[in-house]
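Listed here are the chains, written in short residue letters.
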Amino acid sequence: MALTGLEIYKLLPQTNCKECSFPTCLAFAMKLAAKQAELKACPYVSEESKAKLEAASAPPIRLVEIAGDDGKLAVGNETVLFRHEKTFFHRPGLFLRVKDSLPAEEIKKQVAAADAFKADYVGIPLTLDGYAIEAASGDPAAFAGAVKAVRAASKKPLILLTSKPDVAKAWLEAASGTRPLLHAADASNWEAMAEVAKAAKVPLVARAETLDDLATLTQSLTKAGLEDLVLDPGVKGPKDSLEKLTTLRRLAIKKNFRPLGFPIITFPGAGGKADDVLLAAEHIAKYAGFIVLDTFDPASLYGLLVLRQNIYTDPQKPIQVQPGMYEINNPKDDSPVLVTTNFSITYFAIANEVEGSGWPAWLVVTDAEGMSVLTAWAAGKFDSERIAKAVKTVGVEGKVKHRKVIIPGHVAVLSGELEGDLPGWTIMVGPREAVDIGAFLKAMWVN
Amino acid sequence: MAVEIPKEKWSGTVREVTLGATREQGGTRTRTLTVGGETAMPHHAFEGSFPHPPALALEVRDRKPTDWSPLLLQAWGAAMDDPAAWAKAAEQAGAELIFLTLSATLADGKANTAANARAVVRKVLEATGLPLAVIGPGQAEIDNELIVAAAEEGKGERLLIGTCEDKNYRTIVAGALANDHVVQSKTPMDVNLSKQLVILIHDMGLPLERIIMDPTTGALGYGIEYGYSVMERLRLAALQGDSMTQQPLIVTPGEEGWKVKEAKVGEGVPAAWGDWNRRALNWEALTANALIYAGADIIVLRHPETLRRLRGVVDALMAA
Amino acid sequence: MANHKVTLLPANQTVEVPTGSLVAEAIQRAGLDIAQPCGGQGRCGRCAVFVKGDGARRRSTLRLSAEDIESGFALACQTVIEGDLTVSIPDQERIERRLVTDKTAKSIEVPFPYDQNLQGVRAFRVYLPEPSFQDNKDDLTRLEIALAGAGYPEAEVPLALVRRLGSVVRESDWSPWVVLEAETWNRPHGPARLIDIATDPIEPVALAIDIGTTTVSAYLVDLITGEVLGSSAEYNGQIHCGEDVISRIIYAGRDGGLAELSHRVRETIAELLVRLEKRTGVSPDHIYKATVAGNTTMAHLFLGLPPTSIRLAPFIPTVNMPVPIMAHDIDLGINPLASVDCLPGVASYVGSDITAGVLACGLSETGQLTLFIDVGTNGEIVLGTHDWQVTCACSAGPAFEGAGVVNGMRATEGAIEEVWVNSGTFEPTWRVIGGGKPRGLCGSGLISLLAELFVTGVIDRGGNVKLDLDTPRVRQGDHGPEYVIAWAGETSTGGDITLTKVDVDNLLRAKAAIFAGFSVLATSVGVRLEDVQQVLVGGSFGKYINVEKAIQIGLLPDLPWDRFKFLGNTAILGTYRALLSRDERDRLRHIARGMTYLELSADNSFYDAFTAALFLPHTEIARFPSVASIWEREAGLTPAGGAA
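Residues numbered from 1 in each chain as written. Chains lettered and ligands numbered in written order. Predicted model: local features only at pLDDT ≥ 70, side-chain atom pairs only at ≥ 80, totals over all residues. Heavy atoms only, no water.

Remarks on the pairing of strand β2 (residues 13-18) of chain C
Residue and element names in this part refer to chain C. Our working rule: Strands were regarded as paired on the criterion that DSSP finds at least two bridges between them. Numbering of helices and strands runs from the N terminus; a helix is a DSSP stretch of H or I covering at least four residues, while a strand is a stretch of E covering at least two.
Pairing geometry for strand β1 (residues 3-9) and β2, over six bridges, is antiparallel. The residue bridging Asn3 from the neighbouring strand is Pro18, located in β2. Between the end of β1 and the start of β2, which pair antiparallel, lie three residues, with Asn12 showing a positive phi angle near 60 degrees.

With respect to the interface of chain A and chain C
Convention followed: The contact definition used throughout considers only heavy atoms, calling two residues in contact when any of these lie within 4.5 Å. The term buried area denotes the loss of accessible surface (1.4 Å probe radius) that occurs when two parts are joined, taken as the sum for both partners. Salt bridges are defined as contacts in which a side-chain nitrogen from Lys or Arg sits within 4 Å of a carboxyl oxygen from Asp or Glu. Within 3.5 Å is the distance limit for a polar contact, defined as a pair of N or O atoms, with the added protein rule that one can donate a hydrogen and the other accept it, and that residues adjacent in sequence qualify only through two side-chain atoms.
The interface of chain A with chain C comprises 24 residues on the first partner and 26 residues on the second. Summing the contributions of chain A and of chain C, the shared interface buries around 2100 Å²; its carbon and sulfur component is 61%. If you sort the residues of chain A by the area they bury against chain C, A:Leu6, A:Met30 and A:Trp377 come out on top, with a joint share of 23%. Joining chain A to chain C, the criterion identifies zero salt bridges. Here chain A is connected to chain C by three residue pairs in polar contact (both at pLDDT 80 or more). When contributions to the side of chain A that touches chain C are tallied by element, the ones reaching two or more residues are α1 (5-9), α2 (25-33) and α13 (373-378) of chain A.

Section: the pattern of salt bridges
Put simply, the test is: Note on classification: 1.4 Å probe, protein chains only; a residue is buried when its accessible area is under 20% of the maximum for its type, exposed when over 50%, partly exposed between these limits.
Within this structure, the stated rule accounts for 68 salt bridges over all chains. We note a salt bridge from B:Arg235 to B:Glu38, for which the minimum N-O separation is 3.4 Å. Highlighted residues: B:Arg235 in helix α7 (residues 224-239) and B:Glu38 in the loop between β2 (33-35) and β3 (55-61), separated in sequence by 197 residues. Here B:Arg235 matches B:Glu38 in class, with each residue buried. Salt-bridge contacts for C:Glu418 lead to C:Lys549; the nearest nitrogen and oxygen are separated by 3.5 Å. With C:Glu418 in strand β20 (residues 415-421) and C:Lys549 in helix α13 (residues 547-552), this residue pair connects regions lying 131 residues apart in the sequence. Taking relative accessible area as the criterion, C:Lys549 reaches 1% and is therefore assigned buried.

Brief notes about the sheet that holds strand β21 (residues 428-432) of chain C
All names here are of chain C. What counts is decided by this rule: Simply put, an axis is a line fit to the C-alpha atoms, just over the touching stretch for a helix, and the angle between two N-to-C directions goes from 0 to 180 degrees.
With mixed pairing, the three strands of this open sheet are ordered in space as β21-β20-β22. Only two strands of the sheet have a single neighbouring strand rather than two, namely β21 and β22 (440-441). Contacts from helix α11 (residues 443-455) reach β20 and β22 within the one sheet, and its direction differs from that of β20 by about 15 degrees.

Section: the packing of aromatic side chains
This is how it is decided: We call Phe, Tyr and Trp rings a pair once their centres come within 6.5 Å, taking the six-membered ring for Trp, and we label the pair stacked below 30 degrees between planes, edge-to-face above 60, and tilted otherwise. Throughout this description, the term charge over a ring refers to an Arg CZ or Lys NZ atom that lies within 6 Å of the ring centre and within 35 degrees of the ring normal.
The final tally for this structure, using the stated rule, is 20 aromatic pairs over all chains. Between the aromatic rings of A:Tyr302 and B:Trp273, the centroid separation amounts to 5.2 Å while the plane-to-plane angle is 15 degrees, which identifies the pairing as stacked. Of the two residues, A:Tyr302 sits in helix α11 (residues 298-311) while B:Trp273 sits in the loop between α9 (261-264) and α10 (276-294), which places them in two different chains. Since its relative accessible area comes to 1%, A:Tyr302 is described here as buried. Taking 5.6 Å as the distance between ring centres and 75 degrees as the angle between the ring planes, the aromatic pair formed by C:Tyr219 and C:Tyr576 counts as edge-to-face. Taken together, the residues C:Tyr219 in strand β12 (residues 215-222) and C:Tyr576 in helix α14 (residues 570-580) connect sequence positions 357 residues apart. C:Tyr576 carries the same exposure label as C:Tyr219, and that label is buried. An aromatic cluster is built from A:Phe343, C:Phe606, C:Tyr607 and C:Phe610, whose rings are joined through pairwise contacts. The positively charged end of A:Arg249 is found above the aromatic ring belonging to A:Phe88, 5.3 Å away from the centroid. Above the ring of A:Trp445, the side-chain terminus of A:Lys404 is found at 4.8 Å from the ring centroid.

Here you go:
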């Protein structure tokens, strides 16, 4: 069970020596409780305390890492069922399935096209995480050729899909120098697969339809000396996925059930008649570690990657809206321009008030690191320079024919400086409270 | 080995709320819609009961919107010129609830009127036997005027009326009390605010069986994670027995999803975004889909194709 | 049904009433008056009477302490007659006095058995051997030997004193009086430093100063007896440069701003010194030590340090633990060689006023889980025991000081300090400081009014004024919906006194920030707020606050009233202690080093706690059980959490 900050504090030396870089032992203890610090930073903790604290902090889901020629992916190490409880840490990898039955050139072409996919989301580059090569041909030479073809076109990590140990062995040789994920061991082949995986030092997927069988299998594999395992519970549609993946996550986190404390791999395309895009989306939100897609379509991949980014955002950070320009009530070139910060509550207060007032308006939201107007101003995150930069970069100049901008009443003090930073603009000081915006515009906004 | 499957036992239940009234019940609807009643986290059918599937609604406006994506205009065609025809088309597309939104202005740019609101509500009620939601443009004064009129016009039909917000709820709640309707309690992405508005509305004497919460969600890529977590937290609180969070949840991914650039615009966007039509449909569907797993009870959509795709998900989740 | 005889004093009338009647009914039946400003709801306590006899059953004893009940007090509106009784009705003034008893300031006592050796400044006479041709050592060596003989080897003698040395030793007949500082906290083993040398006896005096953002307070302390010779307070002269610390920090960034702010606070202190000299006859030149507390920004400005980094993330001050300096370094108008000891703070927004407060309130010495709160423009909160302390600062804004509220004012004459609202008619009654016509509302009046409007249902739990109520007191005003407390004809300003929706929002935000601070501190260490064993309230604000109403609005946690203690200005009390004793000073350093500061802006949990608290009394009314029961009774509603 997780310990509270105070419980951890009682196990620490309580000398406030500051050598851990935190100002007090209690501050360090609270960071430990939040898993934002490591116990080894304390040079004076007793062996007895260390044992207690380490037992309480072992990750319930093993972190499994794979690597390509360039680029790594680590999944697992999750600690909660719902993202608001802390955060989801390791984004699931999205892989594209490639069949070895295609000619090498065709594989190269497909992979190169998919590998070139790169979308930008609020400055974060979104790409595929790797390729899952499937033994569809039945020809060991073709397998090896396919691996080489993919490696020629991409340096991303690989998943190798075969249930035949000899094929797996040949593949792993072709993939040497990387750390692919081998899929999969099942009740019939596990001993041989375990040997292959162990020799190549790669993580291995355990596949079984029921959780009983899956636990039996992982225990056998663990006994055989494998530590890095991934689970394939063979999910079908949305309902089956939700039940199995929720139960697996719960067993790991709430029951600390070691045999099933591993990341999960899913194949949304294997869901029969289910909509594979929506099923992949479910797997992103609900607990998959690796997701193998059957088709490459930017129109769905972009959305899935954005969803993954959203679900894995740290919810402890202040809720922010994206900085930029927001249109309210279909503004025209003579509509007022208002400035505020990107703290969501501030934004909503202003946006709702303006919307409710019926005034069409342009709302320029500055990047104030998610702080409210006064807090941001106090912390220097909502100053003249930042406001001027926002007004100049969001494109409002091209949208309005006037040059008047309304700043929140709480930062009236900035108006002088802002006149200097925004030459040609008239700075109007708006009300302090959002609720007065309607009345303010009525009285002050003259076209 | 036999794995002992952990099951959660919750003390709380989501309230059941019924929309629409049949002739026997004092209205004219041919069917009613009941949502809520869940006893476990969303679609954990393995440990709780889910008496009602999430309901799929389609948004219909009192006049053809000027700011909707061309893809939506294509999908609905001429039906959009007449709210009655649009509502009929929505029913045919599989909607279980018509979500009628009233505009702030009339086609001539003048403020919308109570008389127009009455006429539109009457028309739509006559065109379809489905339960109806009537939602104002979100501007306090106009909302109060239009929605009170709509509430009177639809007396006895057990409409869902809104928007109730923390700064403006008393008039609309009074309209619901007087005419036997259900209200939508809308708050901006915050667990506490959601709960507070339910308390305020309930304090006016409206039974909790007549309140549906709209937690506001945000579109995929535009803050959906906040709404998603707010919904999960509300549902957890509800199941833990916190009475004021036990209202069914209504969400509007149609509006949210189609408002953003990814769905609305086909030109001047990065090539990596892919085919516009498929992307736009995915945007609405992915937004809606995520909210189903967060506990949405009523999902208001805009595109009939999205409704079709979501129906597949709902059917699969509710399958025995 | 049985009738009972009720004798009413001092009128000496007797009435017969049936079992189950209220005392208030008996009084009315006798044709006598009793004030019931709250409309007989048992909330205001103004109908308190003495009862004698066994025939009284107290239904509610809100507003009565255990001692009150013991001595026979009962609320006429809440006391049921079940037997013969004698009831004496005290006159109204007596009741009012009883309700405001804690308002008289206590005289300041020496906080522990004092002995001048507990601290470092010593004054004594030294005897130097007269020089001769045989003994021709210089004056200074002669003094050094004498000091060494008195136990202060290697004492430093500053040049300024060496300059006077020759004449003083001769005029004093080789037996001058000296004042020295034997040690300071950073030089615990000396060497001693000479501060003064004189021909006449010296009675050493010291100064304790609390530099508040709004008010600067000072105690003049006799170092022989430890007693406070005089105290004085004055507005901080920096107010002209901004009302809150952030404005001052920004002001300090201007050309010459820092120098001006430093100068202004010194002027304020100089003014205090003039007053203290007038009152006590002690010359500032005989002040040989100053101990200073203040929030971190005030400390920086006092020392002339640029405070800029305090307001910028990650909020790091230049110094939390300054070493002693000399008075002439900063031009403080006391003896120029006196040492000035600025007490240690914790972080940018938890300064030495709070560490001194912790020292004074005893939090760091108790095994009881204690919450200490100092409310000013900033609310600082400390939670802990002798083992651990966590602290945070939350920006409450100035609403509780009467600022930022349309009809708000400071707690001076003409301020409404307590309000009762009748739940049937929504008519208010009030009490005004000084007893005249009201001019506005001070902090306690605002808290009181907000609580009354809430429990009588004039505003909803979100703070919205219910304009649909049938009373002219609610209306749409210039600033939105509002409630009228006093009509123009009843006020000294000639205008209506109102509380607007915007005011209510400001008050809600202020109380929510403070309550959220409590919640976050408690959750951060994993304790429940309900488990807090004592709540210590510091700051001048704390003295006048009505606990019951502060709980009703959700400003203070719903704990039994006897767990609250109001301590006044704890910052200066702690400074006084640190001045008197090196052990206390060490303890204070230990407190500052050991306190764990939580930066509330660092994560989301504060906003969550804040929005939860932005409701009356709180979104989770279950956290306020005593308020829930009143609310239920008043509003005739099932509170949140009940069945439909």
